[in-house]
Amino acid sequence: MYDPTFGGAALARQLNKSDFLKEPALKNEAHKAAIVAQAVAIARNGFAYLPLTPNSLAGRTVFQVTDLASDLVLRKAAQNIRRITASKQGSRIEIIRRLKLFCEEGIPFTVVKMDIKNFYPSVDQDFLSIQLNKRLVTAPSTGSVIKSLINQCRSNSVGGLPPGLAISAELSEFYMQDFDCHMREVLKPHYFARYVDDIVVILPHLDNPKALKKLIEDILPNGLKLNFSKSKAYTFGNANIKSPSIEHSFDYLGFKFNVYQVGKDRPYSRRVDLDIASSKVKKNKTRIVKSLLQYLSDGNFDDLRDRIRILTCGYQFFDERQQKRRSAGLQHTYKLIEGNAPALVELDRFLSRMVLSNSGPICGWLALAMTNQERKELLKYSFFTGFNNREHFRFSASRLAHLMGCWKYA
């Protein structure tokens, strides 16, 4: 039976393998008991001080809690919120799969993509507290922990929800539950999906997309606004043509959708080709460059080879949040693209050019530093073959962290 309380046994179950790796003293039962007892006291009395440590990630600020006892309390509160509110983030791959199916229909429709501006920091803390008070009547201890968290955010001058914390993801999904319901009730769309702050809606032919954006912004919870510069609408007709061409291309959740016009040979459906979004292709190119620059800095070819393996193939890692081993990499992130997707070929050409060229500010130095045998070793790895052959490598958590360190912000 699920235990929603913040007692010692329930909080001790929030400890995971990585905690013991980071803090070996936890193997001592007395030290472990002291941490758990401290967590119990925090849950009962509130956070006297919550160490929210800011870090920069890809140009934005994310936070982490460096005090283990406080983190155990937040982990338990996140688990309770998920159970009580039934809030759950949608599956990115399933959203893409269903969006593709709808785009294959041979009828007129409009795809509207929207982005919520500055999502986590814009959540209205007072409105969130009011909503939680309504839902957590039967879970006062969880409500008390969340109230204390919000007070600590204010004390640390952190607006909304602190990005980077697991509990922020759970609370943001709860915060958006009514919005998701209203979108389906008010718009009655063919399809609606939201993945964190990225929204997509498929509607019948739409004459005034701007009016729709205004309507959606009015439905958003307190504090949230749409980023109109990233919100776009694409209208699809149903005119049959002899030789289908791309009617519209758009990106969503890292995928590029190439949607072809209805052809006379397929009057009731469109063809939809999925590829890697241009922004993600650029991101992978940046990581290739950063890997090569790191090699020029430290001369460690084994590290360079393993970084290229990570980029071009699949790899396994231990997911601390879910406490299980998972697979990752291009073939998992973009499993719905075809094996001959143009982006794979483009990335291979870029990698080959960087490795084989002997001119330019980076390649000129590489030509001097790298041996022919090392070049051959790198060129054994390919985005195309790695994706199609489902090649995998396994690294320890510490090794993976070391390898990704040079481009984790790229």
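Residues numbered from 1 in each chain as written. Predicted model: local features only at pLDDT ≥ 70, side-chain atom pairs only at ≥ 80, totals over all residues. Heavy atoms only, no water.

A. Region of the structure containing helix α19 (residues 397-404). For α19, the full list of buried residues reads Leu-400, Leu-403 and Met-404. The buried residues of α19 occupy an angular sector of 90 degrees when the element is viewed end-on, so they sit on one face. Residues of α19 that are exposed and point over 90 degrees away from its buried face: Ser-398 and Ala-401. (Buried < 20%, exposed > 50% of the residue type's maximum accessible area, 1.4 Å probe, protein only. Helix = DSSP H or I, 4+ residues; strand = E, 2+ residues; numbered from the N terminus. Arc of directions from axis to C-beta.)

B. Structural context of the packing of aromatic side chains. All told, the structure shown has 10 aromatic pairs when counted by the stated rule. An angle of 20 degrees between the planes, with centres 5.2 Å apart, marks the rings of Phe-102 and Tyr-191 as stacked. Of this pair, Phe-102 sits in helix α5 (residues 92-103) while Tyr-191 sits in strand β4 (residues 191-195), and the two are 89 residues apart along the sequence. Ring centres 6.3 Å apart and planes at 70 degrees place the aromatic pair Phe-179 and Phe-192 in the edge-to-face group. (Phe/Tyr/Trp six-rings, centres within 6.5 Å; stacked < 30°, edge-to-face > 60°.)

C. Representation of the sheet that holds strand β3 (residues 109-115). If you walk across this open sheet you meet the four strands as β4-β5-β3-β6, and the pairing is antiparallel. On the outer flanks of this sheet lie β4 and β6 (232-236), each paired with one strand and no other. The mean inter-strand angle of the sheet, taken between neighbouring strand axes irrespective of direction, is 10 degrees. Of the pairings in the sheet, the one linking β3 to β6 comprises five bridges and is antiparallel in character. The residue bridging Thr-110 from the neighbouring strand is Thr-235, located in β6. Contacts between helix α10 (residues 177-187) and the sheet are confined to β4 and β5 (198-203), with β4 contributing the most and set at about 160 degrees to the helix. (Pairing = 2+ DSSP bridges. Axes fitted to C-alpha atoms, helices over the stretch in contact; angles between N-to-C directions. Contact = heavy atoms within 4.5 Å.)

D. Focus on the sheet that holds strand β9 (residues 272-276). Strand order in the open sheet made by the three strands is β7-β8-β9, with antiparallel pairing throughout. Of all strands in the sheet, those with a lone pairing partner are β7 (246-252) and β9, marking the two edges. Between one strand axis and the next, the sheet turns by 20 degrees as a mean value, whatever way the strands run. In the sheet, strand β8 (residues 255-260) pairs with β9 via five bridges, with the strands oriented antiparallel. Across the sheet, residue Phe-255 finds its bridge partner in β9, namely Ile-276. Relative to β8, α5 is tilted by about 10 degrees, and along the sheet it contacts β7, β8 and β9.

E. Structural view of the pattern of salt bridges. According to the stated counting rule, one finds 19 salt bridges in the structure shown. Among the salt bridges present, the one from Arg-271 reaches Asp-273, with a minimum N-O distance of 2.8 Å. Between Lys-380 and Glu-377 there is a salt bridge, and its shortest N-O distance comes to 3.2 Å. Classification of Lys-380 by relative accessible area gives exposed; the value is 53%. On the accessibility criterion, Glu-377 (17% relative accessible area) is buried. Through salt bridges with shared partners, one network takes in Asp-302, Asp-303, Arg-305, Asp-306, Arg-309 and Arg-399. (Salt bridge = Lys/Arg side-chain N within 4 Å of Asp/Glu carboxyl O.)

F. The arrangement of the layout of surface pockets in detail. Each pocket or cavity is described by its volume, and for the second largest pocket that value is around 300 Å³. The wall of the second largest pocket is formed by 16 residues, among which Gly-90, Asp-180, Arg-184, Ala-193 and Arg-194 lie closest to the centre. Here the lining of the second largest pocket is composed, by residue class, of five nonpolar, four polar and seven charged. (1 Å grid on protein atoms, 1.4 Å probe; cavity = no way out; pocket = protein on both sides within 12 Å on 5 of 7 lines; lining within 4 Å. Points joined across faces, edges and corners; volume = space filled by probe spheres on them. Nonpolar A, V, L, I, M, F, W, Y, C, P; charged D, E, K, R; others polar.)

G. Focus on the side chain of Glu-170. Examined against the element boundaries, Glu-170 turns out to sit in helix α9 (residues 166-175). There is a polar contact of 2.6 Å between the side chain of Glu-170 and the side chain of Arg-82. Sequence-distant contacts of Glu-170, that is, excluding residues within four places in its chain, are made with Ala-78, Ile-81, Arg-82 and Ser-87. (Polar contact = N/O pair within 3.5 Å; in protein donor to acceptor, adjacent residues only side chain to side chain.)

Everything listed here is a matter of geometry and, on its own, says nothing about what the molecule does.
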